[in-house]
Amino acid sequence: MYPDKPTPQGPEAQRRTSTPKLLRHTRQLLAMCLLLFGLIGLVTPAQAQDEDIDPAQTDVSPVTIDGEVLFRLAGTNSFPSTERAGNVASRIAEAARDDGIAPEDVKLVSGDNRVNIMAGERRLLVIFPIDASIEGAPIAEVSEVFKTRIASAITAYRSHRTSAYLFQALLYAGAAVLIAGVLIWAIIVLFRRLLAFLEARYKRRVQDLKIESFEVVRAENIWGAVTGLLRFIRTATVLILAYLCVEFVLYQFPWTRSTANILLDMVVDPLTSITVAFINYLPQLIFLIILIAVARYLIKLMHLFFRGVERGRVQLGEFDPEWAQPTFKLLRFFVILLTAVLAYPYIPGSGSAAFQGLSLLLGIMVSLGASSAVSSIVAGYAMTYRRAFRIGDLISVGEYTGVVEETRLLVTHLRTVRNEEIVLPNALILNSPVNNLSRSSSGDGLVLHTTVGIGYETPWRQVEAMLKEAAGRTRNIRNKPAPFVLEKELGDFAVVYELNVYVDKPAHRFHRYAELHRNILDVFNEYGVAIMTPSYIADPEEPKLVPKEAWYAAPAAPPADTAGGDKTGNGDDPEETRSQDNKSPKPNLPKDRSS
């Protein structure tokens, strides 16, 4: 007797910028959230109920005669159902080939907890209670149904092998092949003429797809895509007709009918499985659609809100408007991440080992390869919220100095005074001291300083007056606070003086330095004081001075108007000329150097 193994029962478990705009998106978001919560209440209990069911598994195989399934039988480990079903089918076919057995000779013989189906003296089948449980009916009813099906199968087996039936089947098969051949030939000719017609009439009208002057798709590629689509439709149509013809021809003959069923199952079973899986997945799909819609409207709502903060329409106390866009991007990332976490269990195949392994592999790749990127992202947000600098500020980071042109999630773009663009990782900026020169000049101004070494024989008051006069001749130097001089060092051979001046525009400090140095040289030459920097060992035989008549030695050329113009000979500065009231009076000091 065959053991009673669990029968597959029940379904399998499944796991699946303006205020009006702001208000409208808020209402839409609330509606989506209510619908989402309602769908969660519908989907989740059903999943829990399905997961509590443990579907039964039983070894079952069909008994097939000429491609027609009569019934299904169970099996055991020692006697599989496939072997048992094959033996029963062979006995029924032998009985059908025996002309001494009539269909009416098929009868039931009851036994001890079993029913035998006999064809005369031949035993065709023994029905056990487990076979009846597969059909979900008492063994007596199942036995009657099996007996009727066996008798009908014997009758059909004999009738399908008569000369008249086979001749008729041959005629049908020939007609099907002829019709299919004519249709395939007609389709090929029709598509060939259609392609020729389209090429002759419309090919020259196809133009390149452009966005302004940028060529997106060339005309020949568009035409190739159209003709390729038509050829695909032609090939698919021919293959479908050929498949239907082969299927029909094989089904006409009893010996090939099982092959026809196999070919049919190869096409129908996948389509059926896809359709059933899609219908069963519909609740989870609707949940995903609503979840994505809620996340989308939430992001839109946040975008409108932070755009109002950025433009000053919404005030948030000490919240800097420049923080609006970085904060929006950060919250948008968390919303997308939360949406992905919520949607993960409802993605088809998310519970499979392959999907989990792929997720683990991606996680390892990201953790190993994106550590520097993550550190730069964190550094970018840290710099934004600590207000280190803004767009347009002149900053100095280590050896790099430039104007901040753009701040991105990973890098910051600087434009140097040499018009070079430098891209610095945010992690480097966060770990380096940042000198914001623009912010330093926002109050009294940025201090520029330079040093000179003058001999001890020159009065320090004279030196200070000359340095201040040089500062007064320099353009765009602030009068308030006034320039000042510090005696930095009493060296072995000279006194080191430091001139400090205030400027408003730190980006032009190199021009200010150049002009200031030129003016210092001119003033000291005018008053006959030698600059002893960098070192001094002994008094020279003659003073190392540049006489006034040699100021413009070749190839230098004097200015066109030296009477009332700038005597410094500076014409390379892009800024406006210094106002006359910014010029300090010349001190009344002796021109000869004291000895």
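Located above this text is the structure these notes cover.
Residues numbered from 1 in each chain as written. Predicted model: local features only at pLDDT ≥ 70, side-chain atom pairs only at ≥ 80, totals over all residues. Heavy atoms only, no water.

S.K.: It is not clear to me how the overall build of the protein should be interpreted in this structure. Could you clarify?
M.R.: Each helix and strand counted, the protein has 14 helices and 15 strands in total. Within the protein, the fraction of its 595 residues that count as buried is 33%. Carbon and sulfur atoms make up 61% of the accessible area of the protein, which amounts to about 36300 Å² in all. (Helix = DSSP H or I, 4+ residues; strand = E, 2+ residues; numbered from the N terminus. Buried < 20%, exposed > 50% of the residue type's maximum accessible area, 1.4 Å probe, protein only. Areas by Shrake-Rupley, 256 points an atom, 1.4 Å probe, with all protein chains shown as cover.)

S.K.: Would you take a moment to explain the sheet that holds strand 8 (residues 394-397) for this structure?
M.R.: What links the strands of a sheet is backbone hydrogen bonding, and the strands pair in either a parallel or an antiparallel sense. With antiparallel pairing, the 5 strands of this open sheet are ordered in space as 11-10-9-8-12. In the strand order of this sheet, the two ends are held by strand 11 (421-425) and strand 12 (434-436), each with one partner. Across the sheet, the mean angle from the axis of one strand to that of its neighbour is 40°, orientation sign disregarded. Pairing of strand 9 (residues 400-407) with strand 10 (residues 411-415), which is carried by 4 bridges, proceeds in the antiparallel orientation. Bridging from a neighbouring strand, Val-403 pairs with Arg-415 of strand 10. (Pairing = 2+ DSSP bridges. Axes fitted to C-alpha atoms, helices over the stretch in contact; angles between N-to-C directions.)

S.K.: For this particular structure, what's the right way to read the side chain of Thr-450?
M.R.: Structurally, the position occupied by Thr-450 is in strand 13 (residues 446-454). Here the side chain of Thr-450 touches His-517 through a polar contact of 2.9 Å, side chain to side chain. (Polar contact = N/O pair within 3.5 Å; in protein donor to acceptor, adjacent residues only side chain to side chain.)

S.K.: Would you mind going over the packing of aromatic side chains with me for this structure?
M.R.: Centre distance and the angle of the planes are the two values used to describe a pair of aromatic rings. One pass over the full model with this rule turns up 5 aromatic pairs. Taking 6.3 Å as the distance between ring centres and 45° as the angle between the ring planes, the aromatic pair formed by Phe-484 and Tyr-502 counts as tilted. Of this pair, Phe-484 sits in strand 14 (residues 484-490) while Tyr-502 sits in strand 15 (residues 495-503), and the two are 18 residues apart along the sequence. (Phe/Tyr/Trp six-rings, centres within 6.5 Å; stacked < 30°, edge-to-face > 60°.)

S.K.: What exactly am I supposed to notice about the pairing of strand 5 (residues 122-127) here?
M.R.: Along any regular strand, the residues point their side chains to alternate faces of the sheet. By the bridge criterion, 5 bridges tie strand 4 (residues 114-119) to strand 5 in an arrangement that is antiparallel. Note that in strand 5 the partner of Met-118 across the bridge is Arg-123. If you look at the hairpin formed by strand 4 and strand 5, you'll find 2 residues sitting between the two strands, and Gly-120 has a positive phi there, around 70°.

S.K.: Got a minute to help me understand the pattern of salt bridges in this structure?
M.R.: Side chains bearing opposite charge may pair, as long as their charged atoms lie close to each other. Per the counting criterion, the structure on display carries 11 salt bridges. Across the salt bridge formed by Glu-144 and Lys-147, the nearest N and O atoms sit 3.7 Å from each other. One end of the pair is Glu-144 and the other is Lys-147, both in helix 4 (residues 139-159) and 3 residues apart, which spans about a single turn. Overall, Lys-147 belongs to the partly exposed group, its relative accessible area being 23%. Each of the salt bridges in this network shares a partner with another, and the network as a whole consists of Glu-405, Arg-415 and Glu-421. (Salt bridge = Lys/Arg side-chain N within 4 Å of Asp/Glu carboxyl O.)

S.K.: Hey, could you run me through the packing of helix 7 (residues 257-310) against helix 8 (residues 324-343) in this one?
M.R.: Between two packed helices, both the angle of their axes relative to each other and the distance between the axes serve to describe the pair. With their axes 10 Å apart at the nearest point, helix 7 and helix 8 run at an angle of 170° to one another. Comparing their axes, helix 8 and helix 7 come out roughly antiparallel. Of the residues in helix 8, those touching helix 7 at Phe-287, Leu-288, Leu-291, Ala-295, Leu-298, Ile-299, Met-302, His-303, Phe-306, Val-309 and Glu-310 are Ala-324, Gln-325, Thr-327, Phe-328, Leu-331, Arg-332, Val-335, Ile-336, Thr-339, Leu-342 and Ala-343. Here the contact of helix 7 with helix 8 is built from residues that sort into 16 nonpolar, 4 polar and 2 charged. (Parallel < 35°, antiparallel > 145°, perpendicular 65-115°, else oblique. Contact = heavy atoms within 4.5 Å. Nonpolar A, V, L, I, M, F, W, Y, C, P; charged D, E, K, R; others polar.)

S.K.: When you look at the packing of helix 2 (residues 81-97) against helix 4 in this model, what are you seeing that I'm missing?
M.R.: Two numbers describe how helix 2 lies on helix 4: the axes approach to 9 Å, and their chain directions differ by 55°. With respect to each other, helix 2 and helix 4 are oriented oblique. Crossing angle aside, the handedness with which helix 2 passes helix 4 is right-handed. Here helix 2 contributes Ile-92, Ala-93, Ala-95, Ala-96 and Arg-97 to the contact with helix 4, which in turn contributes Ile-150, Ile-154, Tyr-157 and Arg-158. (Left-handed = near helix turned anticlockwise from the far one by under 90°.)

S.K.: Where do I start with the sheet that holds strand 3 (residues 106-111) in this structure?
M.R.: Spatially, 3 strands are ordered 3-4-5 in an open sheet, and the strand pairing comes out antiparallel. On the outer flanks of this sheet lie strand 3 and strand 5, each paired with one strand and no other. Averaged over all adjacent pairs, the angle separating strand axes in this sheet is 25°, with direction ignored. Taken together, the 6 bridges between strand 3 and strand 4 define a ladder with antiparallel strand orientation. Opposite Lys-107, over in strand 4, you have Met-118 as the bridge partner. Running at roughly 145° to strand 5, helix 2 makes contact with strand 4 and strand 5 of the sheet. Sitting on the sheet, helix 4 is in contact with strand 3, strand 4 and strand 5, with an inclination near 155° to strand 3.

S.K.: Sorry, what's going on with a nonpolar patch on the surface here?
M.R.: On the surface, a nonpolar cluster with roughly 520 Å² of combined accessible area is contributed by Ile-262, Leu-264, Met-266, Val-267, Val-268 and Leu-271. Topologically, Val-267 is positioned in helix 7. On the basis of relative accessibility, which here comes to 37%, the residue Val-267 falls in the partly exposed class. (Patch = residues over 30% accessible without salt bridge, like charges linked within 9 Å, V, L, I, M, F, W, Y side chains within 5 Å.)

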